[in-house]
Amino acid sequence: ADTGKALLFSPIIGFVLAAVVLLLMKALIKMPALFDSPKGNTPPPWPVRALLVLTCTGVSFAHGSNDGQKGMGLIMLILIGIAPVAFALNLGTGADTLQRIEASAISIQAALAPAGSPVVTEDVARKALTAFLKKKQVDASTVPALAQINSDVVSGLKGVNNLADVQSEKRRDLRLDLYLVTETLNNLNKADKLPAGLDKVAVSKYTGDIKSVTTFIPVWVKVAVALALGLGTMIGWKRIVVTVGEKIGKAHLTYGQGASAELVAFATIEAADMLGLPVSTTHILSSGIAGTMVANKSGVQGDTIRNVLLAWVLTLPVCVLLGATTFAASLLLVFRVFGLH
């Protein structure tokens, strides 16, 4: 729900704020050249150029911080799926962090499973926590299940100073246990339903340490995604620039309009990053340009706006359909090739 709202409302926010920023710039900055459109190949005055470099850099940084996370996340999912031994856990985790996690797990276990608490099996516990994370509804099985999985974490980390020493076949199970414990505790903490005896600060430190083990990205993945984004922008920039600069409004984009839209795009995307929400750089920036055109009384081109809106509306369902179809076809192929049922 939050993802859908972010994708729906972020372009609207970009439209309104960019218009407001442009009007404020016109009222506060008395520099006619800033509100002129480019004239041939003549470069803008250096103060205007400095402003545009600054706002463009901000958008580029925000674009990487948002879209880059998506690429890195997908790559990590693939790596964990095909090579869980190497990527399920952060093998570079220091001994001090592992010892701190083990000590926290033991301390929290005392509050989760006091004497006389019901005991459940590992399989039942995992199913119970998986159901809890889907429905977010606490029932009588939630805390006993959490206690069982947290106990498995204690056992799995006992005496471990290097995750590379954990047997290969046990790393996937350890990662799953760490994930279930972290997500369950975080959800209980947010809902203010932690078991009596558990300190919120201690729980936050515990889950934070665990995430450093399970939620990590190797440097080479970050570099690869950054290069891909940079090369993609270098290759395909012209078509986007022409559309944004000349085809959204009925008049050519001015320097001030571009700076306003970029400043708003940077701020909106960074705010979404802090909240952990995915948004589209292209949607926000295009909406911002349209907002400045309206504020500038330049008008917008109906055909372009219609095409952009259609692209926004159709992109998500088409991608969902293509992804589901490709996944189903791949499963069918694997089943047939290996004779599975």
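Above this note sits the structure.
Residues numbered from 1 in each chain as written. Predicted model: local features only at pLDDT ≥ 70, side-chain atom pairs only at ≥ 80, totals over all residues. Heavy atoms only, no water.

Regarding the packing of helix H6 (residues 142-157) against helix H7 (residues 168-190)
Then, number 1: Closest axis-to-axis distance for the H6/H7 pair is 9 Å, and the angle between their directions is 135°. Of the possible angle classes, the one that applies to H6 and H7 is oblique. Considering only the axes of H6 and H7, their crossing is left-handed. Only Leu174, Asp177, Leu178, Leu180, Val181, Thr184, Leu185 and Leu188 of H7 make contact with H6, whose side of the interface consists of Thr142, Leu146, Ile149, Asn150, Asp152, Val153 and Leu157.
Then, number 2: Broken down by class, the residue content of the contact of H6 with H7 amounts to 10 nonpolar, 3 polar and 2 charged. (Axes fitted to C-alpha atoms, helices over the stretch in contact; angles between N-to-C directions. Helix = DSSP H or I, 4+ residues; strand = E, 2+ residues; numbered from the N terminus. Parallel < 35°, antiparallel > 145°, perpendicular 65-115°, else oblique. Left-handed = near helix turned anticlockwise from the far one by under 90°. Contact = heavy atoms within 4.5 Å. Nonpolar A, V, L, I, M, F, W, Y, C, P; charged D, E, K, R; others polar.)

So, the nonpolar core
Then, number 1: Counting 34 residues, the largest nonpolar core has Leu163, Val181, Leu185, Leu198 and Tyr206 as its most contacted members.
Then, number 2: When contributions to this core are tallied by element, the ones reaching two or more residues are helix H4 (95-112), helix H5 (122-135), H6, H7 and helix H8 (200-214).
Then, number 3: At 7 residues, H6 tops the list of elements feeding residues into this core.
Then, number 4: In contact with Leu198, not counting residues within four places along its chain, are Ile108, Ala111, Leu112, Leu185 and Val203.
Then, number 5: In this structure, Ala6, Ala62, Ile269 and Ile284 belong to the second largest nonpolar core, which totals 15 residues. (Core = buried A, V, L, I, M, F, W, Y, C linked by side-chain atoms within 4.5 Å. Buried < 20%, exposed > 50% of the residue type's maximum accessible area, 1.4 Å probe, protein only.)

As for unusual backbone geometry
Then, number 1: We note that Lys136 has phi near 60°; this positive angle belongs to a residue other than glycine.
Then, number 2: Looking at the secondary structure, you find Lys136 in the loop between H5 and H6.
Then, number 3: For Asp192, which is not a glycine, the phi torsion comes out positive at approximately 60°.
Then, number 4: Within the secondary structure layout, Asp192 lies in the loop between H7 and H8.
Then, number 5: For Asp192, a relative accessible area of 56% translates into the label exposed.

A short note on H7
Then, number 1: In a regular helix each residue adds 1.5 Å, so 23 residues correspond to 33 Å; H7 covers 34 Å between its end C-alpha atoms and thus fits that length.
Then, number 2: Just downstream of H7, Asp192 is the residue with a positive phi angle, here 60°. (Expected span 1.5 Å × (residues − 1).)

Brief notes about the packing of helix H2 (residues 46-82) against helix H10 (residues 255-275)
A pair of packed helices is characterised by two quantities: the angle between their axes and the separation of those axes.
Then, number 1: Running from N to C, H2 and H10 cross one another at 30°; their axes reach a closest spacing of 8 Å. With respect to each other, H2 and H10 are oriented roughly parallel. Both H2 and H10 take part in a crossing whose hand is left-handed. For the pair H2 and H10, the contacting residues are Val48, Leu51, Leu52, Thr55, Cys56, Gly58, Val59, Phe61, Ala62, Ser65, Asn66 and Gln69 in the first and Tyr255, Ala259, Glu262, Leu263, Ala265, Phe266, Ile269, Glu270 and Asp273 in the second.

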